[in-house]
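# Fold and contact review
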Amino acid sequence: MGKKVLVLIVTLGLLATILAGCGGGQTPTPTTSSASPTPTPTPTSSKLTLAAILYGHANEGTWDPAGYQGLLTVQKAIPFEMSLSEAVSSQDAEKAIRDWAARGTNIVFAHSDTYTDQLITVAANFPNIFFIGEFGIDPAVKASEPDQAKYLKANAPKNLVFLGDTPEDGNYVAGYAAALASKSGKIGILQPFESGTMNRYTNAFIFGARAAKADIEILIVYVGDYLAPAETRDGIKSMAQQGADVIFTELDDNSSILECAAQKIQCIAMYIDKRDLDPKTVLTSVVQDWSVQLKGAIEAVQKGTWAAFRDKNYFQPQSLAAGSVHLGAWGDAATTELKTAVSAIEAKIKSGEIKVPMDDSKPLSTTP
Amino acid sequence: MALDLIVNLIFATLNILPIYLIASLGGFLSQRVGVYDISMEGNMTFAAVMGIIGFFMADSPWMGLLMGFLSGAFFGLILATLAVKFNLDQIVIGFGLWFLGLGLASFFYKLYVPSDQHTEGFPTLAQLVGYKGELTGFARFLELDIIFYLSIVLLIVVSVVIYRTRLGLQMRATGENPSAADAAGVNIFRIRYFTILVGAGLVGVAGAYLAVAFLQGFTSGMVAGRGWIAFSIIIFGRWKPSNIFWGCLLFAGINGLQVRLQTIGVTIPSDLLTMAPYIVTIIALIIIMSRTGRSRIPSALGIPYYRE
């Protein structure tokens with residue numbers, strides 16, 4: 001085999017890896033997805049049927065379990081038959097969504113922001129099926145991607161609603177807690193990559209930290225993907241070596257908790273409550289409780305009130321007030337003073353006294 | 001401050017080195033006997049799952065590595081059978097095995113890996129010698145885990161076997177001129193089967209190590225191109241173990257450097273920094289391969305052997 005061909009093959013392989021890592025805009029995006037998106041029915045005991053499309057597996061990482069747990073919670077209140085399509089890449093999503101719709105499934109829930117366009121396309125072809133998607137941009141908020149929001153509002157069919165992947169309230173409180181818990185005056189945030197949406201999440205954390213301590217120093221590291229355990233651990237180690245003693249991570253695995261434990265510092269996890277994984281290390285978690293948003297949509301299908309529901313809720317942002325995002329259980333290191341102070345700030349956000357700023361400008365590792 | 005940063009970078013590099021070194025040496029062995037193992041990425045991904053399964057079988061990270069080796073050797077067996085016995089196109093086989101690895105990983109993960117997966121990593125040298133004090137300066141070598149030291153031993157063993165033993169001579173002859181080696185009495189098929197199995201097994205060990213020691217669990221996509229980087233390091237190292245070692249140091253170092261540049265607030269776009277290891281790999285490959293006339297590529301690499 002010629003040398004040129006050899007270089008070409010390796011280059012293509014590496015480029016595929018780079019592009020896979022860059023592909024995600026707003027959601028956890030495993031770089032590879034090999035399983036067939038072919039649906040695998042899991043019957044329960046109700047006539048209402050729902051198919052969930054997951055990017056990874058229901059028991060893998062933290063993002064997909066968050067969505068799956070949300071469905072299980074709703075299922076306790078509203079019986080429905082649930083089926084899963086797991087490990088569905090963005091490229092395979094339209095086929096999986098269309099497949100479930102063609103089978104006459106009542107509701108198709110696609111648990112990733114990267115499925116937005118596919119949902120809009122398929123939903124238009126199946127007006128009698130109800131679709132629930134996710135989107136990281138609240139159209140009511142002026143962000144740097146207003147065109148996307150306008151596109152969504154203009155194009156989303158009437159049988160489609162979007163749940164907001166907008167945990168900014170939670171990130172703000174996490175920043176507040178991190179700054180108060182820090183003894184070194186230096187905290188960190190570990191993110192997969194930069195994007196307008198991701199910047200808003202990061203900046204919400206920074207605003208919260210600054211609200212607690214105006215002089216707090218904040219380090220930021222991007223590891224390139226939601227799943228990059230070696231880089232994640234090195235990023236945590238690097239920030240710990242720079243003096244950070246509380247680190248917030250928005251990644252889809254537990255490697256950050258392992259490294260925080262190794263460095264004997266505190267971490268704040270994301271998506272699901274990870275306190276029980278290591279109570280000595282996990283200060284708290286920013287929990288996205290999808291059941292809060294899912295329940296309204298599924299109930300509307302069940303009760304036949306979709307049209308009225310959709311008029312008001314074609315996009316449901318997450319918020320502390322609604323309970324769709326909140327802090328998880330406190331770890332062992334959380335003091336009573338910290339809990340009290342955080343409760344007070346949560347109450348102010350819930351009441352509207354504090355409005356978390358939506359800033360998608362580039363955040364910087366910074367000293368005040 | 002700057003010195004601390006450099007020291008931290010050095011140890012971050014050494015910390016991640018075994019993943020690249022073990023995988024690259026494994027791939028090198030296969031190529032040394034004339035067979036491309038394009039499937040390293042898929043092999044590592046499948047071995048990562050098997051490593052976690054192995055850990056839970058015996059509650060031991062060593063069992064995880066053993067399972068990683070066995071799963072890798074399984075890939076090697078398929079590769080050897082198709083490429084050596086049936087003389088099929090090695091690139092096509094490799095791509096097929098790459099995708100097979102990704103699919104098998106997903107399948108076995110779903111079937112056998114518990115959702116509350118959490119493994120224990122390998123002991124550091126400090127833990128093995130019972131040292132509990134603070135580690136500074138060169139004493140920080142004690143904070144590296146035992147796999148780092150074993151990977152260095154592996155490098156030495158591979159170098160000695162390849163260049164200082166009769167077996168190594170037969171392996172090199174098989175990769176350079178199988179007809180002549182065959183005429184001299186070397187059993188080409190046995191040498192290739194054995195070497196590919198061991199090489200692919202080592203690639204599997206690297207995948208299992210990544211899962212058991214770094215993530216201490218498995219998630220899809222966790223190998224994240226490391227199999228391809230390891231493959232390219234073999235080319236970068238011009239099919240020589242000592243060069244491969246320096247290549248691994250370079251790529252592991254770039255990984256650590258990009259993270260540290262971010263923590264000190266360097267204003268290079270983060271996307272560029274996180275892509276740096278891949279970009280450097282591609283550039284290095286192009287430079288290395290464009291240096292015609294000095295290539296050490298095994299002459300029979302990728303060429304099916306038909307016994308006359």
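Our structure is the block above this text.
This section reports on the structure supplied with the text. All figures in this text were calculated on a predicted structure; none of them were measured in a lab.

Scanning chain B from N- to C-terminus turns up twelve helices and zero strands. When the elements of chain B are put in sequence order from the N terminus, they spell out α-α-α-α-α-α-α-α-α-α-α-α. A compact globule built from 308 residues would reach a C-alpha radius of gyration of about 19 Å, and chain B, at 20 Å, matches this within 12%. Each of the three principal axes of chain B carries a C-alpha extent, and together these read 65 × 45 × 40 Å. Among the 308 residues that make up chain B, the fraction classed as buried is 51%. A separation threshold of at least 6 residues defines the contact pool for chain B, and within that pool the share at least 24 residues apart is 77%.

Let us now look at the packing of helix α11 (residues 241–263) of chain B against helix α12 (residues 270–290) of chain B. Residues and elements named next belong to chain B. One can describe the packing of α11 onto α12 by two numbers: an axis separation of 9 Å at closest approach and a directional angle of 170 degrees. Comparing their axes, α12 and α11 come out roughly antiparallel. In this structure, α11 uses Phe251, Ile254, Asn255, Gln258, Leu261 and Gln262 to contact α12, whose residues at the interface are Ser270, Leu273, Thr274, Ala276, Pro277, Val280 and Thr281. In terms of residue class, the contact of α11 with α12 is made up of seven nonpolar, six polar and no charged.

Our next topic: unusual backbone geometry. Among all residues save glycine, negative phi is the norm, and among peptide bonds the norm is trans. Residues and elements named next belong to chain B. For Asp59, which is not a glycine, the phi torsion comes out positive at approximately 55 degrees. Mapped onto the fold, Asp59 is located in the loop between α2 (40–58) and α3 (61–85). Here Asp59 falls in the exposed class, since 10 other C-beta atoms lie within 10 Å of it. If you check the backbone angles, Arg238 has positive phi at about 50 degrees while not being a glycine. Tracing the sequence through the fold places Arg238 in the loop between α10 (226–236) and α11.

Attention now goes to the sheet that holds strand β2 (residues 81–85) of chain A. Residue and element names in this part refer to chain A. Strand order in the open sheet formed by six strands is β2-β1-β3-β4-β5-β11, and the pairing between neighbours is parallel. The outermost strands of the open sheet, each flanked by one partner alone, are β2 and β11 (315–316). The sheet contacts of helix α10 (residues 290–303) involve β1 (49–54), β3 (107–111), β4 (130–135), β5 (160–164) and β11, and relative to β5 the element is tilted by about 165 degrees.

Let's shift gears to the sheet that holds strand β10 (residues 282–288) of chain A. Pairing between sheet strands relies on hydrogen bonds along the backbone, with the strands arranged either parallel or antiparallel. Residue and element names in this part refer to chain A. Across the sheet, six strands lie side by side as β7-β6-β8-β9-β10-β12; this open sheet has mixed pairing. Either end of the sheet is taken by a strand with one partner, and the two such strands are β7 (217–222) and β12 (325–327). Neighbour to neighbour, the strand axes of the sheet diverge by 15 degrees on average, direction disregarded. Alignment of strand β8 (residues 246–249) against strand β9 (residues 266–271), held across three bridges, turns out to be parallel. Residue pairing across strands places Phe248 opposite Ile268, the latter belonging to β9. Across the face of the sheet, helix α6 (residues 168–181) comes into contact with β6 (186–191), β8, β9, β10 and β12 while running at roughly 170 degrees to β10. Lying over the sheet, helix α7 (residues 196–212) contacts β6, β7 and β8, oriented at roughly 165 degrees with respect to β6.

Turning our attention to helix α8 (residues 229–241) of chain A. Residue and element names in this part refer to chain A. Given a rise of 1.5 Å per residue, 13 residues ought to cover 18 Å, and the 18 Å separating the end C-alpha atoms of α8 matches this to within 8%. Across the 13 residues of α8, twelve count as buried, placing the element largely inside the fold. For α8, the full list of buried residues reads Pro229, Ala230, Glu231, Thr232, Arg233, Asp234, Gly235, Ile236, Lys237, Ser238, Met239 and Ala240. The positive-phi residue at the C-terminal boundary of α8 is Gly243, with phi of around 110 degrees.

With that out of the way, let us pick up the pairing of β6(A). Within a regular strand, side chains alternate between the sheet's two faces. Residue and element names in this part refer to chain A. Where burial is concerned, most of β6 is hidden: five out of the six residues are buried. Two strands pair when backbone bridges link them, and β6 and β7 are joined in this way by six bridges, in the parallel orientation. Looking at β7, one finds that Ile189 is bridged to Ile220. Taken together, β6, α7 and β7 form a β-α-β motif whose crossover is right-handed. Bridge count for β6 against β8 is four bridges, and the pairing is parallel. Residue pairing in the sheet places Leu190 in a bridge with Thr249 of β8.

Let us now look at α7(A). Residues and elements named next belong to chain A. Taking 1.5 Å of rise per residue, the 17 residues of α7 would be expected to cover 24 Å, and the 25 Å separating its terminal C-alpha atoms lies within 8% of that figure. Within α7, twelve of the 17 residues are buried, which leaves the element mostly enclosed by the surrounding structure. Taken as a whole, α7 has its buried residues at Thr197, Met198, Arg200, Tyr201, Thr202, Asn203, Ala204, Phe205, Ile206, Gly208, Ala209 and Ala212. Residues of α7 that are buried sit in contact with α6, β6, β7 and β8.

Here the focus is the nonpolar core. Soluble globular proteins tend to pack their nonpolar side chains together in the buried interior. Core analysis: the largest hydrophobic core is formed by 194 residues, its most contacted members being A:Ile53, A:Val108, A:Ile247, B:Tyr20, B:Ala48, B:Tyr209 and B:Leu210. In this view, A:Ile53 contacts A:Ser85, A:Val88, A:Ala93, A:Ala96, A:Ile97, A:Val108, A:Ala110, A:His111 and A:Tyr115; residues no more than four positions away in its chain are not counted.

So, on to the environment of A:Tyr226. Residue and element names in this part refer to chain A. Position of Tyr226 relative to the elements: it lies in the loop between β7 and α8. The class of Tyr226 is buried, set by 27 C-beta atoms lying within 10 Å. It is 8.2 Å that separates the C-alpha atoms of Tyr226 and Phe193, two residues lying 33 residues apart in sequence.

Residue and element names in this part refer to chain A. By the criterion of burial, β3 is predominantly enclosed, with five of the five residues buried. Of the two faces of β3, the one carrying Ile107, Phe109 and His111 and the one carrying Val108 and Ala110 are both buried. The pairing of β1 with β3 spans five bridges and is parallel. Opposite Leu54, over in β3, you have His111 as the bridge partner. Where β3 lies against β4, three bridges are found, and the strand directions are parallel. Each bridged residue has a counterpart across the sheet, and for Val108 the counterpart in β4 is Phe131.

Parameters at a glance
Residues numbered from 1 in each chain as written. Chains lettered and ligands numbered in written order. Predicted model: local features only at pLDDT ≥ 70, side-chain atom pairs only at ≥ 80, totals over all residues. Helix = DSSP H or I, 4+ residues; strand = E, 2+ residues; numbered from the N terminus. Rg over C-alpha atoms; globule rule 2.2 N^0.38 Å. Buried ≥ 20, exposed ≤ 12 C-beta atoms within 10 Å, placed from the backbone. Contact = placed C-beta atoms within 7 Å. Axes fitted to C-alpha atoms, helices over the stretch in contact; angles between N-to-C directions. Parallel < 35°, antiparallel > 145°, perpendicular 65-115°, else oblique. Nonpolar A, V, L, I, M, F, W, Y, C, P; charged D, E, K, R; others polar. Pairing = 2+ DSSP bridges. Expected span 1.5 Å × (residues − 1). Right-handed = clockwise from strand over helix to strand, strands pointing away. Core = buried A, V, L, I, M, F, W, Y, C linked by C-beta atoms within 7 Å.

Read these as geometric descriptors, not functional statements.
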